[in-house]
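# Close look at the chain arrangement
Read off the chains here:
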Amino acid sequence: MPVITIDGVSYEVESGRNLLETCLSLGLDLPYFCWHPAMGSIGACRQCALVQYQNAEDTRGRIVMACMTPVSDGALFSLAGDKARHFREAIVESLMLNHPHDCPVCAEGGECHLQDMTVMVGHRDRHYRGRKNTHRNQYLGPLINHEMNRCITCYRCTRYYRDYAGGTDLAAMAAHDHIYFGRHQEGVLQSEFAGNLVEVCPTGVFTDKTLVHDYTRKWDLQSAPSVCTGCGVGCNTMPGERYGRLKRVHNRFNAEVNGYFLCDRGRFGAAFVNSGSALEYPGLREADGRYRALDHHEALHRMAATCASGKCAAIGSPRASVEANFLLRELVAPENFAPGFSDAEQGLVSLALTLQLASRAGIPSIRSIESADAVLVLGEDVTNTAPRIALALRQSVRNKAYELAAGLRLEPWQDAAIRNLAQDQRSPMFIATVADTPLDDVAAKRFSLAPDDIAALGRAVAATISGKPLPSGVLPEHLHSEARMIAETLAGAQRPLVIAGTGCGSSAILQAAADVANALCDNARKAMICLCVPEANSLGQAMLCGTQAPDLAALQRRAEAGELDTLIVLENDLYRRGGQAQIDGLLAAFREVIVMDGLDNRTTSAATLALPAANFAESEGTLVSLEGRAQRYFPVFQPREERRPSWVWLLACMKEMELPECHSMHHFDDITRICAARIPALAGITAAAPDLHYLNLGVKIPRQPPRYSGRTAMRANISVHEPKQREDEETPLAFTMEGLNRSQPGALLPWVWAPGWNSNQSLHKFQTRAGGPLKGGTAGARLLPTGGGGNGNAATSQAQPARAESTAGTTTGQRWQLVPRPRIFGSDELSALSPALAELIVPGFIELCTADAASLGVKDGDGVDVGDGLATLEVRVNDSMVAGCAGYSAGFSGTGELAALAQVTLRRADAWQRAPELIGSDRGIGSGGGHV
Amino acid sequence: MSELIQALSAQEIAGIDAEIAHVPYRSAVAIEALKIVQAHRGWVSDESLRAIARHLHMSAEELDGVATFYNLIYRRPVGEQVILLCNSISCWIKGCDKIQKRIQEQLGIGLGETTSDKRYTLLPVTCLGACDKAPVLMVGEELHENVDTHSLSRLFDDGGGTSE
Amino acid sequence: MSLDLPLTRNVRPDRSPTDFAAYEANGGYRGLRAAIGKLTPAECLQVIKDSNLRGRGGAGFPTGMKWSFVPMDDAAAGHKYLICNADEMEPGTFKDRLLLECDPHQLIEGMICAAYTIQADIAYIFIRAEYHRAEKLLREAIAVCYEKGYLGRDILGSGYRLDMQVHSSAGRYICGEETALISSLEGKRANPRAKPPFPQVSGLWGRPTIVNNVETLCNIHHIIERGADWFQALGLTEDAGTKLYGVSGRVKKPGCWELPIGTPIREIIERHAGGMEDGYQLRGFLPGGGSTDFLTPDHLDLAMDYGTIGKAGSRMGTGTMIILDDKTCPVGFVKNLMEFFARESCGFCTPCRDGLPWSAQVLDDIENGRGRPEDMHTLARQVEFIGAIGNTHCALAPGAMEPLQSAMKYFREDFERHISGGACHFCEGGAH
Ligand SMILES: Cc1cc2nc3c(=O)[nH]c(=O)nc-3n(C[C@H](O)[C@H](O)[C@H](O)COP(=O)(O)O)c2cc1C
Ligand code: SF4
Ligand code: FES
C-alpha cells in the first residue's frame, strides 16, 4: 500500500484510488463538486485542489486536482496550506458570482452541498460587482423542479442522467458562462431514474417537486431506515416525515443493493402513505351494508370471536412483512393460508425460488450485476418490473470500457477518459422480449419473440453451451445462429449473467434461464442468475409458504365445501389477483371476511370487518427482496388514529384467543425470532437488523437529526406544552433527537448528517471509505446461497405450471396471445396511488405491431375490445411488438380480467373515446407552492 | 408543425449521408449536418434541429447541446447576409469599435441584431487571421480588409434599414 | 546569398494559390517520393527527431518526440489518425492562412509524410469555418492527390493507404486546443480532455491520434527530403528551421514573413514591418499571439526563438507579434483580450468559465473609470489562481492571464491612473 504525506502526516492509503476519495476516506474535509463516488472524476469544478510537492526540497509546489491525481507511494501534498486554501476559496467565490442569494427560499437550503463547501472554504465576502446571469427555468414534469439560476455548472446532472442512467433528454447547452442544463423543449423528463437528480445536483437546480409543494427542511424531517415497497429489488430508502405526512423519500445507501440511486417509482411512489382515503378506524359492516366505526378493543373482540370458529382461512400478501404473514399463517394453520399471489403468479414465484435454490449459478446482489461482462435477458423488461436492475445493467455493459482502460493503465475513476477511449464499445448484452425495452440502446442485440420462442431460444443457448444438439423444431430456424452466437459469447465471458423473471408470465422462460445458467456453470464459468419477482416480499412469501401452499382457487373450493367459513385478508387487494368474477366468487364463499389494510380498495370494501393496518412508514417488518436479501424497515412515524401494524392486530387477536403459539411473543422481535426458528428458509431473517435491545453507546438511535426544530412550536396550535416523545417499544430507534447516529449497524441508519456536511454528501462519513460500504456493515441478510449452492437439478421441480399458460387452440382465426407489458408507473398497486406519479400514468393500452393493427383495422389511439368483454383498451402500434402477441398494460386498472399468455380475440371498439392527457397540472401560473 | 416542414430536403439528406459515410458513428457528423442545413436555410430552427437529430439517431437535446455550443450555428433567424466583424485585438487597435459604430449608423444594427429588412445580421467574430489587414470583417464568405468608413459606405451603400 | 525559405517558396506576391502543376514543377511531392516506400516509418521518425523541429501551434513541443508516443506495434492494430490543426484563431495570428491559401499542396504533402511516419490511415484537416477560400483550395487539392495516387489505397505502390478529409469547423476558439478539437471532430461540444491519456494513445474515437499545426506539418516533407542537418542549419540559434513571423498593430508594414528561426525581434519589427507608424511609439508587444506575456522595447534585441523568449518571461507562441503603441490604452488592450477569452471559454472548468468574465468585468470597470484600488488586488489574485497551467482544465485560461499579468507588471501606472483618475487617460469620454 502506498504511503503519502499530507501536511506532514504520513498515511498508508489504498492504491488505485484518487487523492480526493483518499482524503475523504481519511476523514479529511476536502471540498469538491463535480466528482461523485458512483461516477468518478472529470476535473471540471477545480474545487478539490491540493498542493503537490516534487520532493522535500520543493517549497512552492503546484496545485493539483485531487480527484484527478492518483495516489502514488511517496507523494507529498498540502491540503491545509495557504496556497491550496486560497485556491479553493477562489473557486467557491467564482462559483458564487452568478449564484442567487436565495438560500432562505431554496428547497436545497440546509442540505446544500454548495452551502457546505462555501462554509468549508471560508468564503464570506463578495468582491464581484457585476450583474448576475439569469436563466429561464423549464417545466420538467410533476417530479422535478428546475431552477437554473442556482447552477454552478458542475456537470453532475448530465453525467448522471446521460452517462450513468442513459437518459437522452437532458444536456448541457451553450458555452462559456451561459451554460444551461435542460431539455430541448419543456416537458417531462423521460428517464425512469430522473429523481436521482435531486440528490446528485449539489445545489438547488433540480429539487423534488413533490417536496417543494409540501415543504420541510431536511433538519426538520424525522426519518427511519426503510425499504422500498415499489418492486422486488428492495432498494433501501430514507423516508422523511413531518406533521404526520411523508414528505419525501431519499436514497439510503446500501453498497450491495441500490448504492446511491433509486428509481422514480421508489422515490415518488410512497406518497400513497398520505392518501386521504386511507383507513383510519376499524369498521364493521352492518346489516344495511354500511360500516360502523369501532374502537380497537371492540374490533379485536370481533376478530377473535370470528376466528374462534375454527374454520378460518387466510390470504397473506407479498407486499406485507414476513412477520405479519407468518403470524397470520400461524393463526389459521399453514394448510389454510394462501400466500396471496394470483394463482398463476404463485406458480411462477415458487418456481423462481425453486430454480434459484437448485441453481449452481450464483445469485447476484444488485451490485454484482454491475460486474457482469456478458448478459442474457430472457423475457423480462427489467426497467419496468425491477427498475434498479436496469440501472445496474447499464453499468455492467461498461466493463468492456474498463477492460480497455486497464490496457492503458487508466483507473476506473477516470470517467471522461474512459468514455472517450471506449466510445460505444460495450460488454455484450442480449435481450429477448416481446417488444422493445428501455435498455435496448445498450444491448448488443434485442430479439422480439413470443414467450414460447424466448424460452426456446434460452433452451437452445443452454444446449449449445453444453455441446448438445439443438432440440429440433422448437426454435425458429433463423434463431439457430443467434443462439450459437449468444452461447459462445456467454461461454467466453468471465462473469456471465442470465436474467429472467415473472414479468411475462412464463414458467418456461424461468426454466430456460436456469438452464442457461446451469449450463454455464457446468462449463466452469462463474455464472450468475437473477430471477425477478414482482413485489417487495414476493420471495419472502414463497419462502414462508413453500411449494405446497393452497392458492386462491383451493381456498374457495374448500369454503364452498363447507370446510372454511371465515377469511382473513392481509394487506392485499384481491381484485388485482384475479378477475372480478373469480374474486367475487371467492369472497362470497365465506361467511365472514376480515380485511386488514391501510388502503381503501375493493377488497376492503367487501369486508365484513375492516381493520386499519399501518403502512410501511408506520410500522416495522422484514421483507425479502428478489436477491433473497432479508431487510428490515422501521416506522418513520406513529400510525395515525386507530391504525396498527398488521402484526400488532394479529398478535393481539391471538392473545385474545389465548392461542398457545403466541405465548412467548411479546415484541416484534419475538415474532421474527420464532418465524426464523420455525421456517428453515427464513432462518436468516433475524440477522436483517439488530433487535430492540441494541443501543448505540448506551442510547437508542434518534430518528430526528440534531438540528430538528420546533418540537414544541409545531403543535403550539394544539397545546403549548411539549408532549413527552412517544417511546418506541419495538425497535432500537427512538422518536427523539437525543442520541447518536454514528457507527451503528448499517441497517440502522435513519439519516445522514455530519458536522459541516449537511447535504447527503455527508454519507462518506458513514462509509468505510468514500464510496465504500457502510462502516456498520451492509444492511440485510442474504437467505439464498449467493455462490450457487444447488445441484442444478430443478428441472424436475414440482413447480406448478402456470394456469394461463395453455397455448392450446393457438392462432387459428383472429387470436392473439396476451403478453404483459408492465410500466414503471401504473403497473404496481401502491405507487400508482401517488398523485405525482398518477400524472405520468398513461392510459391502459394494448400494444400491437403494425401488421396486426392493420389486420384489425385499428391505428394508434383507437380502442380495442379484448376477448368477450374482458377489457376495452387503447391501441398502441409498436413495430417492435412481436406479431401475434398483444401487449397489455399489466396491473393498470381496467386490465384485471386479462391473464398473461391467454389467447384472446381482439376487435375494434367502435364507440371508443381517447382519454384526455393529464400531464402538466401544475404548469400554470399561480401553482401555489411552486415558488419556493 | 406539419411533418413537411420538419422533414429535411432530399438534397440535405444526401449531403448529410455523404458525411456519415466517412465516420464511425452517425452522431459524429452533427456539426456537418447542422452546417449543411444552415447552408440551405440560413439558420437551424427547432424543427430542423429535431429532424437532423432524428436522422442522426440522436436526441434533440444532444444535438442542441452541440448546436448551441458553436457560435457559427445560428439557432435564431439571421439576415440574408451575416456580417462577421472581427473585434479581436489587432482589429481593436486599428479601430473596430469605430467600424461597429459606423455600421450601427449605417444599418441601424448593433452586435447580434438583424436589420428590419432582414438583409443583414451583425455578429462579432474571433480574430479572422488577417491582422496585418486590420480592421477586417466578413460579409457572407467574403473577407474585407483594411476597412474604413469609406469602404463601409461602399459595402452597404443602399443602407439596410432600421433595427428591430 | 538569398535565404533558404522552404515554406513560402511558392507564395506569390499576389497570394494567388499554387496549383498542383506549379507545385510539382517547383519540386513538389519529392519529399513524399523520398519517404513513402523508400524510408521506413521509423526512419522518417528519426529524421524528424534529429531535425529538432518544434511544434508551431504555440506550445513548441518537439514534434518527433510527440510522434514517438504513438504505439506502433501490433497491439496498435486499427485506425490511427493524423489531424492538421488549421483552426487558427489565436488573436493576432495570421500565419497558417498564408500557407493554406497560397500553397495547399505543401500542407498535403507534409501531412502524407507525417501520416506515413506514424502509420495513420486517416488524416483530417480541421479548418476554421471562416477560411472558405482555403477550405475550397484544400478540397480541390485533395481531389487531385487522389487522382494522382498520392492519397487513397496503395500510395505509390507502397501498399500504404491514407485517406484525407477536410472538416470545416463551426466556430469557437477553443477548438484549436488539440483535445477540444478532437471532441469537436467527434461531433461533440468542444470541451478539452484531461491528459493523460494523451491523444497519441487515446485520441479521436479513442484511437491513437496526432494533432499538429499547419506550419509544423508544412515542414515535414522538406525535412525528410533534405535532411535533419539542413533543417537544423536553417535556424540562427539553437532552434531549428525557419518560422513564419508576423507583426500587426501600428507598424508601417504589418505582415507575415518566413525568416530563420531566431531572427532578432528588432529586425522583424523594424526591417520587415517597417517600424512604427509615424507618430506612434512602441510601448510593448505580445511576441506570439494574444495569450503570451508582454515584452517591452528593452527586449527588442532578443532572438525570436523558444528558449530566448521563454527566458525573457514570455512565450514565442505562434510567432506573430501584436504591437502596443503609446496611444493605445494598455488597460483597454488587455480588456479586449480578456473579453475575448471569457467569450471563448468552453465553460467546462470554474476558474475559466467564471474567473475570466470576472476579470473582464474588473478591467471594464477600470477602463471606464469605475475602478477601485482593491481591484488591483482582485486582478492579481485572478492571475495567481487562474494563471498556472494545471489550475484549469486546459491552457486557455492560463493563456488569458499572460497579457494581464505582464501588463500589470509593465504598465501598472496606467492601471493605477485609471483608478485614481476615474477615467481612461488615452481617450476622452471613456472609449478606448
Ligand atoms: C486555447 C487554445 C487554442 C489553440 N489554438 C490553436 C490553433 O488555433 N492552432 C494550432 O495549431 N494550435 C492551437 N493550439 C495548440 C494546440 O493545442 C496544439 O498544441 C497544437 O495544435 C499542436 O501542434 P504543434 O505540435 O504542431 O504545435 C491551441 C491551444 C490552446 C490551449
Ligand atoms: S480552461 Fe476550462 S473552461 Fe476554459 S476553455 Fe479550458 S477547459 Fe474550458
Ligand atoms: S471534484 Fe475535483 S475538479 Fe471537481
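Keep in mind that this is a model prediction, so the values were computed, not measured. (Residues numbered from 1 in each chain as written. Chains lettered and ligands numbered in written order. Predicted model: local features only at pLDDT ≥ 70, side-chain atom pairs only at ≥ 80, totals over all residues. Heavy atoms only, no water.)

Secondary structure summary: chain C contains 17 helices and 8 strands in total. For chain C, the spread of C-alpha atoms along the principal axes amounts to about 75 × 50 × 35 Å. The buried share of chain C, reckoned over its 432 residues, is 66%. A separation threshold of at least 6 residues defines the contact pool for chain C, and within that pool the share at least 24 residues apart is 70%. Just so you have it, chain C exposes about 13,900 Å², and 51% of that area is on carbon and sulfur atoms. In chain C, which carries 46 positive and 55 negative side-chain charges, the distance between the mean positions of the two groups comes to 3 Å. (Helix = DSSP H or I, 4+ residues; strand = E, 2+ residues; numbered from the N terminus. Buried < 20%, exposed > 50% of the residue type's maximum accessible area, 1.4 Å probe, protein only. Contact = heavy atoms within 4.5 Å. Areas by Shrake-Rupley, 256 points an atom, 1.4 Å probe, with all protein chains shown as cover. Lys, Arg positive; Asp, Glu negative; His and termini not counted. Charge placed at Lys NZ, Arg CZ, Asp CG, Glu CD.)

Under the definition given, this model contains 95 salt bridges over all chains. Among the salt bridges present, the one from Asp365 of chain C reaches Arg129 of chain A, with a minimum N-O distance of 3.0 Å. With Asp365 of chain C in helix 14 (residues 350-367) and Arg129 of chain A in the loop between helix 3 (113-121) and strand 6 (144-146), this pair bridges two chains. According to the relative accessible area criterion, Asp365 of chain C is buried, its value standing at 7%. (Salt bridge = Lys/Arg side-chain N within 4 Å of Asp/Glu carboxyl O.)

This next bit is on the interface of chain C and chain B. Between chain C and chain B, the residue contacts involve 55 residues of the former and 40 residues of the latter. Carbon and sulfur atoms supply 57% of the area buried between chain C and chain B, which totals about 3,700 Å² over both sides. Viewed at the interface, chain B and chain C are joined by 2 salt bridges. One salt bridge connects Glu277 of chain C with Lys94 of chain B, and the closest N-O pair in it is separated by 3.9 Å. Viewed at the interface, chain B and chain C are joined by 21 residue pairs in polar contact (both at pLDDT 80 or more). For the side of chain C that touches chain B, the elements supplying multiple residues, two or more each, are strand 3 (163-168), helix 8 (178-185), strand 5 (242-248), strand 8 (320-325) and helix 13 (330-344) of chain C. Here the side of chain C that touches chain B gets 7 residues from one element, more than from any other, and that element is helix 13 of chain C. (Buried area = accessible area lost by both parts, 1.4 Å probe. Polar contact = N/O pair within 3.5 Å; in protein donor to acceptor, adjacent residues only side chain to side chain.)

Further remarks concern the interface of chain A and chain C. Residue-level contacts link 36 residues of chain A with 36 residues of chain C. Buried area between chain A and chain C, summed over both chains or domains, comes out near 3,000 Å², and the portion from carbon and sulfur atoms is 53%. Per-residue buried area on chain A facing chain C is highest for Arg46, Arg129 and His176 of chain A; these three make up 22% of the total on that side. Our count for the contact surface shared by chain A and chain C stands at 3 salt bridges. For Arg129 of chain A, the salt bridge goes to Asp375 of chain C, with nearest N and O atoms at 2.8 Å. For the interface between chain A and chain C, the tally reads 17 residue pairs in polar contact (both at pLDDT 80 or more). Mapped by element, the contributors of at least two residues to the side of chain A that touches chain C are strand 4 (62-65), helix 2 (82-95), strand 7 (171-173) and helix 15 (415-422) of chain A. Residues of the side of chain A that touches chain C, tallied by class, amount to 23 nonpolar, 9 polar and 4 charged. (Nonpolar A, V, L, I, M, F, W, Y, C, P; charged D, E, K, R; others polar.)

Residues and elements named next belong to chain A. Parsing chain A into structural domains produces domain 1 (3-95), domain 2 (105-114 + 133-274), domain 3 (347-539) and domain 4 (812-909). One C-alpha centre belongs to domain 3, the other to domain 4, and the line joining them spans 26 Å. With 17 residues of domain 3 at the interface, the matching set in domain 4 holds 14 residues. Here domain 3 and domain 4 share an interface that buries about 1,200 Å² over both sides, 58% of which is from carbon and sulfur atoms. On the domain 3 side of the contact with domain 4, Asn384, Val434 and Asp436 bury the most area, a combined 38% of that side's loss. Counting across the interface, domain 3 meets domain 4 through 2 salt bridges. (Domains from an automatic or database assignment.)

The next subject is the pairing of strand 33 (residues 863-866) of chain A. Residues and elements named next belong to chain A. As judged from the 4 bridges shared by strand 33 and strand 34 (residues 871-877), these two strands associate in the antiparallel manner. Looking across to strand 34, one finds that Val866 is bridged to Ala871. The turn linking strand 33 back onto strand 34 is made up of 4 residues, and Gly867 within it adopts a positive phi angle of 55°. One ladder, built from 4 bridges, connects strand 33 with strand 36 (residues 903-909); its direction is antiparallel. Opposite Val866, over in strand 36, you have Leu906 as the bridge partner. (Pairing = 2+ DSSP bridges.)

Moving on, we get to the environment of Glu627 of chain A. All names here are of chain A. When you line up the elements, Glu627 lands in the loop between strand 26 (621-624) and strand 27 (629-633). For the pair Glu627 and Asp343, spaced 284 residues apart in sequence, the C-alpha to C-alpha distance is 23 Å. Once residues lying within four places of it in the same chain are set aside, the contact partners of Glu627 are Glu256, Val257, Ile363, Pro364, Ser365, Ile366, Arg782 and Leu784.

Taken together, 13 residues lie near ligand 2, and Cys346, Phe348, Cys349, Cys352 and Cys394 of chain C sit nearest. Class assignment of the residues belonging to the shell around ligand 2 gives a composition of 9 nonpolar, 4 polar and no charged. (Near = heavy atom within 4 Å.)

Across chain C, the average pLDDT comes to 96, with 98% of residues at or above 70. Our summary of model confidence lists the complex with pTM equal to 0.96 and ipTM equal to 0.95. (pLDDT = per-residue confidence, 0-100.)

All names here are of chain A. Among the 5 residues that make up strand 22 (residues 528-532), 5 are buried, leaving the element largely enclosed by the rest of the structure. Across the two faces of strand 22 the burial is the same, with Met528, Cys530 and Cys532 and Ile529 and Leu531 all buried. Bridge count for strand 21 (residues 496-501) against strand 22 is 5 bridges, and the pairing is parallel. Along strand 22, the bridge assignment pairs Leu497 with Met528.

Any two packed helices are characterised by how steeply their axes cross, that is the angle between the axes, and by the distance between the axes. Residues and elements named next belong to chain B. Helix 3 (residues 30-41) packs onto helix 2 (residues 10-20) with a crossing angle of 155° between their chain directions and a minimal axis gap of 9 Å. One finds that helix 2 runs roughly antiparallel with respect to helix 3. Where helix 2 crosses over helix 3, the handedness of that crossing is right-handed. Residues Gln11, Glu12, Gly15, Ile16 and Glu19 of helix 2 form the contact with helix 3, whose own contacting residues are Glu32, Ala33, Ile36, Val37, His40 and Arg41. (Axes fitted to C-alpha atoms, helices over the stretch in contact; angles between N-to-C directions. Parallel < 35°, antiparallel > 145°, perpendicular 65-115°, else oblique. Left-handed = near helix turned anticlockwise from the far one by under 90°.)

Turning our attention to the packing of aromatic side chains. All names here are of chain A. One pass over the structure, following the stated rule, counts 31 aromatic pairs over all chains. Its end group placed over the ring of Tyr708, Arg242 keeps NZ or CZ at 5.2 Å from the ring centre. Over the ring of Phe735 we find Arg703; its NZ or CZ atom is 3.8 Å from the centre of that ring. (Phe/Tyr/Trp six-rings, centres within 6.5 Å; stacked < 30°, edge-to-face > 60°. Lys NZ or Arg CZ within 6 Å of the ring centre and 35° of its normal.)

Residues and elements named next belong to chain A. One can find Asn537 in the loop between strand 22 and helix 19 (538-545). By relative accessible area, which is 0% here, Asn537 ends up buried. Ignoring sequence-local partners within four residues, the contact set of Asn537 consists of Pro318, Ala320, Ser321, Val322, Asn325, Thr622, Leu623 and Val624.

Residue and element names in this part refer to chain B. All buried positions along helix 2 are accounted for by Glu12, Ile16 and Ile20. Here the buried residues of helix 2 occupy an arc of 80° about the axis, which is enough to place them on one side. The outward face of helix 2, more than 90 degrees from its buried face, is lined by the exposed residues Ala10 and Gln11. The inward-facing, buried residues of helix 2 contact helix 3 and helix 4 (46-55). (Arc of directions from axis to C-beta.)

So, on to the site of ligand 1. Residue and element names in this part refer to chain C. If you check the shell around ligand 1, you find 18 residues, and the closest are Gly57, Lys66, Asn212, Asn213 and Thr216. Between ligand 1 and Arg56 there is a distance of 3.2 Å, counted from an oxygen atom to a backbone nitrogen or oxygen. A distance of 2.6 Å is found between an oxygen atom of ligand 1 and a backbone nitrogen or oxygen belonging to Gly57. Its free accessible area being 600 Å², ligand 1 has 89% of it covered by the protein chains. Split into classes, the residues belonging to the shell around ligand 1 amount to 5 nonpolar, 7 polar and 6 charged.

Before going further, it helps to examine the state of the cysteines. Residues and elements named next belong to chain A. Applying the stated criterion across every chain yields a total of 0 disulfides over all chains. The thiol sulfur of Cys675 is not disulfide-bonded, and the nearest other cysteine sulfur, from Cys545, lies at 10 Å. A relative accessible area of 0% places Cys675 in the buried class. (Disulfide = S-S within 2.5 Å.)

In an α-helix, one turn spans 3.6 residues, which is why side chains three or four residues apart end up on the same side. All names here are of chain A. Helix 15 sits mainly inside the fold: 6 of its 8 residues count as buried. Among the residues of helix 15, Asp415, Ala417, Ile418, Asn420, Leu421 and Ala422 are the ones counted as buried. Considering only its buried residues, helix 15 is in contact with helix 4 (156-164) and helix 14 (399-407). Gln423 sits one or two positions beyond helix 15 and adopts a positive phi of about 50°.

Right, let's talk about the sheet that holds strand 1 (residues 81-86) of chain C for a bit. Whenever strands of a sheet pair, they do so through backbone hydrogen bonds, lying parallel or antiparallel. Residue and element names in this part refer to chain C. The sheet built from 4 strands is open, its strands ordered 3-2-1-4 with parallel pairing. Strands at the two margins of the open sheet, each flanked by one partner only, are strand 3 and strand 4 (209-213). Averaged over all adjacent pairs, the angle separating strand axes in this sheet is 20°, with direction ignored. Helix 6 (residues 104-118) rests against strand 1, strand 2 (122-127), strand 3 and strand 4 of the sheet, and its axis sits at about 145° to strand 1.

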